Each structure stands twice: as structure tokens, then as C-alpha cells.
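Topology and contacts: notes
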Amino acid sequence: MSVRRLSLCLPLLLALTAVSSVQAADDAVRWKHEAGAVTIQRDDWGIAHVHGKTDADAVFGMAYAQAEDDFNRVETNYLVSLGRLAEAEGESALWQDLRQKLFVDPNDLKALYARSPDWLKSLMNAWADGLNDYLATHPDVHPRVITHFEPWMALSFSEGSIGGDIERASTKGLQAFYDNDPEGAMAQFTPPSNWWEPTGSNGIAIAPKLTANGHALLLINPHTSFFFRSELQMSSDEGLDAYGAVTWGQFFIYQGFNKHIGWMHTSTGADVVDEFAETIVQKDGKPFYRYGSELRPVTSRDVVVPYRMADGSRAARTFTVYATHHGPIVRADGDKWIALALMNKPLEALQQSWLRTKANDYAAYTKVADFKANSSNNTIYADDKGHIAYLHPQFIPNRDNRFDYSKPVDGSDPATDWKSLLPLDKAPHLLDPPTGWIFNTNDWPYSAAGPDSPKQADFPRYMDAVGENPRGLHATRVLTGRHDFTQASLIDAAFDPYLPAFAQQLPILIADYDALPSSDPRKKALAGPIGLLRTWDYRWGVTSMPTSLAVFWGDILWDKASKLDSEEGLSVYDRMAEKAGPDVRLAALSEAVDRLQKDFGSWGVPWGEINRYQRVDGAIKQDFDDGKPSIPVPFTSSRWGSLASFGAHRWPGTKRYYGTSGNSFVAVVEFGDKVSARAITAGGESGDPASKHFNDEAERYTTGNLRKVYFWPEDLQGHIERTYHPGE
């Protein structure tokens, strides 16, 4: 650079530096003022009880408190939601980021922020300020990528649906299409099918007529990856007072309760994400797609995906991505391009997610639901007026029921297009059914209240794509015929050890064995294991040997059955019970026996010796080690119908099973004259291994020993470890 050019640029650089310094000083003053309006009290479990003068102050405080507990998880969630994970983790996250960027554009989010209502802007501003104040007051914390949070970023992670819906697009399909690299796509790691753990949750609401105290009860039991949410309370002088589970980095209680109502979300089986097979015609070197009698141009744009190189330097790849009016192209199927349609309403979603935490009755809750910005969740509801309710997702496009939307539909046929969103009362719903109870276990809504459930014949088939599941059968079993529920007995029901999937599957296996001729060598080899299973009551427990044998057998058979042809539409359970056949089922038992003997020296091993909870570091992706401390867990994967879920399997280098998902937060809420609750969080509130609250709830978690929730100020007295303002 010449001396003359340098002399011209220097004043500009100095001016920019001065502006930046003034801005930083202004930010610091504003943050200090906001922090002064916030009080954080940490209870003896490390849980933050945040109070602000305004709702925005409470948001500032809870964002700050979340960052204190686990900033890494806060930042990582936004790296994922903004499509920037590869900037931290390298090329392995490239396709995940591209998938996100097909739907989430920062420029669009900035425009939505600009036209947001003032009250919502104030919350987003406070959220960003709380995180930035944390970083400013903790210079020892080094973000991987995001060194400054902008208010609009909150719109990228506005509720539970958009992230999960986007994940319906296979990164393998993306790579094969946009990189023209089918072999590279196939090289992406695919876990064994028996590692799959049903995602979702359990929700149960009990009407006052079935409770001992005449109060409505609510079970809140999300099944997610462990340490996925924090637990906290946020309140303000503007009427906010909510408690529950908060996904790291979001500024609202996702599943929880306030003084009057409680809400529990369970992942839905409704079909609200659809694929459209587009017929592509090349014209003048450009792609067009057929739509009725038209040829429409496929839109295109360039997307840049930065990523971190192995040496720490930065690189980027640019992709030309395509879309039709149905949605972005996410893969090819033969000569068809597949477009993905899903909900993308971040502004409405963020408003709905916040406002429901301040609703005080069923009418107010359903008014908020009319934003229709929840696509992925059913809701189980209870309140202090004695009402219980079930809501299906509110984002449900009206479609032509002639078409099967569980498969790609013909995008060239205008009749397959999504129409307007359905009114709430056109979806399955319940309010105060005569049975006196409602549940959902990520199963269909048609058994939610026993005989008083919505009727399948009254609704289009896209209202459910999953049917019943073993947990649904289990929930019906523990709820039917009860008239004396209390907090304690509802907790007992949530941890009932019965395993209905094995109650269905094992008699078939035993019949296979009994049918063997006495000359068959399997008759003698499997006599002991079959004898153990024959007398089992299908209940898990840390000392149960049949549980170990059944789970090993079930996992092996699950893998085998998953690979069988499923053109008939059979579930894996049906394939295990029917299509697998006696030889496959018996071979799976022989393999289970061999594996137990090899790894543990015997096929008769107590379940608690195998199934373990371990948390030895704060990493998001843990490494497990049989040589390090762990504790036994009695409950199993929810795949087998256990309401209490522990998704565990062997890991590289281990013989034991270690869990990473399932019960992550459990609460039972009673809506009496004053709301009360008991709860437990997997592990502990802090992500710092040096904190005493890193793993202080682990033992209670594994035994279902829920602790008292300090919701009211008088509950909290005597249990306060620290009171402070952010920055102190």
C-alpha cells in the first residue's frame, strides 16, 4: 500500500475504531443497567430462579444464567440452527449446514426481526444482551465461532419444530445430489438400527375426579438427548412466572408450568412434512419443472458454506441450490428431483412459544395456539380450574386425502399441493374426556383417552403416520381403572417397570423353542436361557437377569428384522413377530447368549451390571469407558414399552451399555390452591465437571426419586445457595 493511500485510509480506520469503542462503551452501560434489574437466586440444586422487573429483564437474566451453566451448549445450538456448525467442527458438518441453509437465511431473519412487534423485539434484544454481557464479564470463556450474538438470531431457533422438521432431509441425499457424489454420501456413518431410540416424550394429564386431592395432575416427561435442556424459573413484575425445561439458548420455558396451567409437548406422528417428486425438463440449459400444463423455472441461488480446516484455517464451498414452489430440492429419486415442504414460520413460532408461558387458562392457551406455528408437537395440558386437554399440532396443511403423503407425491399434479392450514377444531383434540385421563407417548391420538379418544374414521389419514406404540399400550394399562392418583402414584406410574413389547414378543420365541424336536441341538443349548425367560414377569430392574437376556436378544433381532422387506407396511415389531420366522428368532437368542458369555462371562447377568449412566466430562458427544465410574440404571429403551426411557447401547471399546437419551427431565405437577411439583433432571444443572451440580441429581435420576420444586418464594427460603445480579 502506498504512503498516500495509507494516509487516506488511516483517518477512516481511526474513525471506525472510535465508533466501535463508543458502541462497546454504550453496550456495557446498557448491560449494567439491565443486569441491575435482574436478580438470580441459585437453589441447592444449582437451579436458577430468575426475576426481572420486566419480561425483557427476565429474559436477559435467564440467558445469562444459561450461559453460566453451559455456554458451549448454548452456542452449539445456534451453530446448528444458523447452519454454521462446520465453522467449528469442520467438513464433517458441511452437509448438515447446507441442509439448514436451504431453509434458514440470515437476511430473511433480519427482515422478520425488523417487522416484529415491539414487545418481541425487546425480548430478542434482551436475550442477545444477556449472552453478550456474559461473554464480556467472562473473558476466560472462548466461543468457538459466535463472539457476539445479534437479536435476530433468536428467530433461527424459535420453537421445537423447525430443527426437527429440517432433519427429515437426509444429508446423504443432499451430498449425492449437490456434490454429485453418491459414493461419498454412502460413506457417511449410519449407526446400527438397534442404536435407534424412539424420540419424543410421555405426557399424562389426570382430571380432578380421579385424584385423591381433587386436583388436576400433569406428567411432563420429555425423551431427548441427555443434558439437552436446562431447568429454571423465570418471573417478572409484568406477570411472568414460569418453571420448567428450557432448551439451551432459547428464552422461553419449552415444557413446564406457571401458577395456573401446565403444558407438555410430545413429538407428533402427524404428517406435516412432505416430499414432492418434481418432473424436470432441461430447456436452454436451465431446469424447469412440470406443474399441470405449465413448465415452471426451477429457482436457484448460491449458498456459501464456510468450514474449519484441520489446521484451524477457514475455507468455504459454494453450492448452487434449487427450489420449486413446494420447497428446496433435497435429493434425487431416479430422474425426479425431490422438493421438501415444511413449516417455516419463525416469527409466529417465537410469539407462540413465549405467549403460551403467560397463558392462565385453556381459552388463553388455545388463543395463543391459533398462531398455528407448531408443527411437530402434540400438547398435553392441565390447569388449576380442573381442565385437562389434548391438542394436535396446529400447523397442519389441508391436503387431498386421495394421496398418500407418507411417500413422495407427484409434484406435477396441482391436486397434491398444500392448501390452507386447517382450523384447530378440525384436528384431533380433547377437552375433559369422561375417562378422566389423557396421555400421549408419540403414538396416534386415537387411544389418548381410551374409549373417549378421537375416532380415526373422522380424520384424514395424514393426521397420523405412526399408529400405536408399546408405550401407548403401557400408558393405557397404568391409567385404566385408577381413581386415587397423587403426585407420588403418578410418579410410580411413570416409572412402572412393565415391558409390553417383550410381553408380546417372548411368548412367540418360547413357542418357537417348544416346537423344536428333541433331537435338535438348540433344544439343549437354549434350555437354560429359555427357562429364564419363561418365568419372567416382563419387568425391568437392576437385579433382573431376564431383562439383560431379553434386551440383548431384542436388539439383535431388531437389527435382523429391520433389514427384512417391509413392502407390506409392517412395523419392525410385526416383522420380529411374524416375518422373521422361528429360525431367525432362535438364532438371535443364540447370538445374545454368546455375546453375554463373551462380554460378561455368563448369559445370566443382572441388568444393572450392563445398563449404566456415566458422565465424566462436559463434552456434548461423550466418550464412554468401562474403566471409569458409572451407576446402574434399571429402566430400558422405550422401544420395549418402558415409559421411563434410557436409550443405551455398547460404544466403541465398551462391553456395557451407556445411555445418551431418554428421560431427560421428569416433573409431576399438581394444580391445587397453589401449584406444586416434583422434578428431576438427568445428571445435574451445570455442564462444568468441577461444579457440585454437574452430577448431583444422577442417583435420584436413575431411581425416579424426584425432588421438590421450589416454585414459590416460601419454598425457596432455606434452599438458596447464592443471590446475585448478572456480572457479579
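Presented here is an overview of the structure given in this document. Quantities reported herein were computed from a predicted structural model and do not represent experimental measurements.

Within the open sheet, the 10 strands sit side by side as E19-E17-E16-E8-E7-E6-E5-E2-E1-E28. Their pairing is mixed. Every other strand in the sheet has two partners, leaving strand E19 (429–431) and strand E28 (720–724) as the edge strands with one partner each. Direction aside, the axes of adjacent strands within the sheet are offset by 15 degrees on average. Here strand E5 (residues 229–236) pairs with strand E6 (residues 241–247) via seven bridges, running antiparallel. The residue bridging Ser230 from the neighbouring strand is Val246, located in E6. Where helix H2 (residues 55–81) meets the sheet, its contacts fall on strand E1 (38–43), strand E2 (48–52), E5, E6 and E28, and the angle it forms with E1 comes to roughly 50 degrees.

As a further point, take the packing of aromatic side chains. Aromatic ring pairs: the centre-centre distance and the angle between the two ring planes describe each pair. Under the defined criterion, the tally for this structure stands at 42 aromatic pairs. With a centroid separation of 5.9 Å and an interplanar angle of 80 degrees, the aromatic rings of Phe226 and Tyr701 are classed as edge-to-face. Placement of Phe226 in the loop between strand E4 (216–225) and E5 and of Tyr701 in helix H21 (residues 698–703) is noted, with a sequence separation of 475 residues between them. Residue classification places Phe226 among the buried residues on the basis of a relative accessible area of 5%. Assessed through its relative accessible area of 1%, Tyr701 is described here as buried.

What follows covers the pairing of E5. Most of E5 sits inside the fold, with eight of its eight residues counted as buried. Residues of E5 alternate between two faces, with Arg229, Glu231, Gln233 and Ser235 on one and Ser230, Leu232, Met234 and Ser236 on the opposite face, all of them buried. Where E2 lies against E5, five bridges are found, and the strand directions are parallel. Directly across from Ala48, in E5, lies its bridge partner Leu232. Taken together, E5 and the strand that follows it, E6, pair antiparallel across an intervening segment of four residues, in which Gly239 is found at a positive phi of about 100 degrees.

Here the focus is the nonpolar core. Nonpolar side chains in soluble globular proteins generally cluster together in the buried interior. Counting residues in hydrophobic clusters, the biggest one holds 103 residues, and the most contacted among them are Trp127, Phe149, Tyr178, Met234 and Phe251. Ignoring anything within four residues of it in the chain, the contact list for Tyr178 reads Trp95, Leu98, Phe319, Thr320, Val321, Tyr322 and Ile329. Counting 72 residues, the second largest nonpolar core, distinct from the first, contains Leu217, Leu219, Tyr513 and Phe646.

Positive phi outside glycine occurs at Phe227, with the angle close to 65 degrees. With respect to the helices, strands and loops of the structure, Phe227 is situated in the loop between E4 and E5. Backbone geometry places Asp432, a non-glycine residue, at a positive phi of 50 degrees. Asp432 gets classed as partly exposed once you look at its relative accessible area, which sits at 33%.

Here the focus is the pattern of salt bridges. A full pass over the atoms with the stated rule returns 32 salt bridges. When the shortest N-O distance is used, the salt bridge between Asp179 and Arg317 registers 2.6 Å. Within this pair, whereas Asp179 is found in the loop between helix H8 (171–178) and helix H9 (182–186), its partner Arg317 is found in strand E13 (residues 314–324), the two being separated by 138 residues in sequence. Asp179 sits in the partly exposed class, given a relative accessible area of 25%. Within this structure, Asp27, Arg30 and Asp129 form a network of salt bridges that share partners.

The next point concerns the packing of H2 against helix H6 (residues 118–137). Close contact between H2 and H6 brings their axes to 7 Å; oriented N to C, the two are set at 60 degrees. On the basis of their axis angle, the class for H2 and H6 is oblique. Between H2 and H6 lies a crossing of right-handed hand. On the side of H2, the interface is formed by Asp55, Ala56, Val59, Phe60, Ala63, Tyr64, Ala67, Glu68, Phe71, Val74 and Tyr78, while H6 contributes Ser122, Leu123, Ala126, Trp127, Asp129, Gly130, Leu131, Asp133, Tyr134, Leu135 and Thr137. Looking at the contact of H2 with H6, its residues break down into 15 nonpolar, three polar and four charged.

A large share of helix H4 (residues 94–103) lies buried, amounting to nine of its 10 residues. Every buried residue belonging to H4 is among Leu94, Trp95, Asp97, Leu98, Arg99, Gln100, Lys101, Leu102 and Phe103, and all of these are buried.

With respect to the helices and strands, Leu210 occurs in the loop between strand E3 (200–206) and E4. Overall, Leu210 belongs to the buried group, its relative accessible area being 5%. Separated by 141 residues in the primary sequence, Leu210 and Gln351 place their C-alpha atoms 35 Å from one another. Sequence-distant contacts of Leu210, that is, excluding residues within four places in its chain, are made with Thr435, Gly436, Trp437, Arg482, His483, Asp484 and Phe485.

So, on to helix H5 (residues 106–114). Residues of H5 that are buried: Leu109, Leu112 and Tyr113. Buried residues along H5 cover an arc of 100 degrees about the axis, so they all sit on one side. Turned more than 90 degrees from where H5 packs its buried face, Asn107 and Ala114 sit exposed. Considering only its buried residues, H5 is in contact with H6 and helix H10 (346–355). Where H5 begins, one side-chain oxygen reaches toward the backbone nitrogen of Asn107, 2.9 Å away; that side chain belongs to Asp105.

In this fold, Ile253 is placed in the loop between E6 and strand E7 (255–258). In this structure Ile253 comes out as buried when scored by relative accessible area, which is 0%. Sequence separation of Ile253 and Gly334 is 81 residues, and the distance between their C-alpha atoms is 44 Å. In contact with Ile253, other than residues within four places in its own chain, are Leu232, Met234, Ala242, Tyr243, Gly244, Ala245, Val246, Trp263 and Thr357.

Definitions and limits used
- Residue indices begin from 1 for each chain and proceed along its sequence in written order.
- Under the rules for a predicted model, residues below a pLDDT of 70 receive no local features and side-chain atom pairs below 80 are neither given nor counted, while totals for whole chains, interfaces and linings still include all residues.
- The side-chain numbers reported here are obtained from all heavy atoms of the structure, hydrogens and water having been left aside.
- For two strands to count as paired, DSSP must find a minimum of two bridges between them.
- The way it works is that DSSP assigns letters per residue, a run of H or I at least four long becomes a helix, a run of E at least two long becomes a strand, and they are numbered from the N terminus.
- To obtain each axis, a line is fitted to C-alpha atoms, and for helices this fit is confined to the stretch in contact; angles are then taken between N-to-C directions over 0 to 180 degrees.
- Only heavy atoms enter the contact rule, under which two residues are in contact if any of them lie within 4.5 Å.
- Centre distance within 6.5 Å is the pairing criterion for rings of Phe, Tyr and Trp, where only the six-membered ring of Trp is used; planes under 30 degrees apart are then read as stacked, over 60 as edge-to-face, and the remainder as tilted.
- Think of it in three bands: residues with accessible area under 20% of the maximum for their type are buried, residues over 50% are exposed, and the middle band is partly exposed, with areas taken using a 1.4 Å probe on protein chains only.
- Residues enter a nonpolar core if they are buried and are Ala, Val, Leu, Ile, Met, Phe, Trp, Tyr or Cys, with the set joined through side-chain atoms within 4.5 Å.
- Salt-bridge detection follows one rule: a side-chain nitrogen of Lys or Arg within 4 Å of a carboxyl oxygen of Asp or Glu.
- Angular relationships are summarised with four words: roughly parallel below 35 degrees, roughly antiparallel beyond 145, roughly perpendicular across 65 to 115, and oblique for the angles in between.
- Should the near helix be turned anticlockwise from the far one by less than a right angle, the crossing is left-handed, and should it be turned clockwise, the crossing is right-handed.
- Each residue is assigned to one class: nonpolar for Ala, Val, Leu, Ile, Met, Phe, Trp, Tyr, Cys and Pro, charged for Asp, Glu, Lys and Arg, and polar for all the others, Gly among them.
- Read the arc as the range of directions from the helix axis to the C-beta atoms.
- N or O atoms closer than or at 3.5 Å make up a polar contact, with two conditions inside protein: a donor-capable atom paired with an acceptor-capable one, and, for residues adjacent in sequence, both atoms drawn from side chains.

Everything listed is a geometric property; what it means functionally is a separate question.
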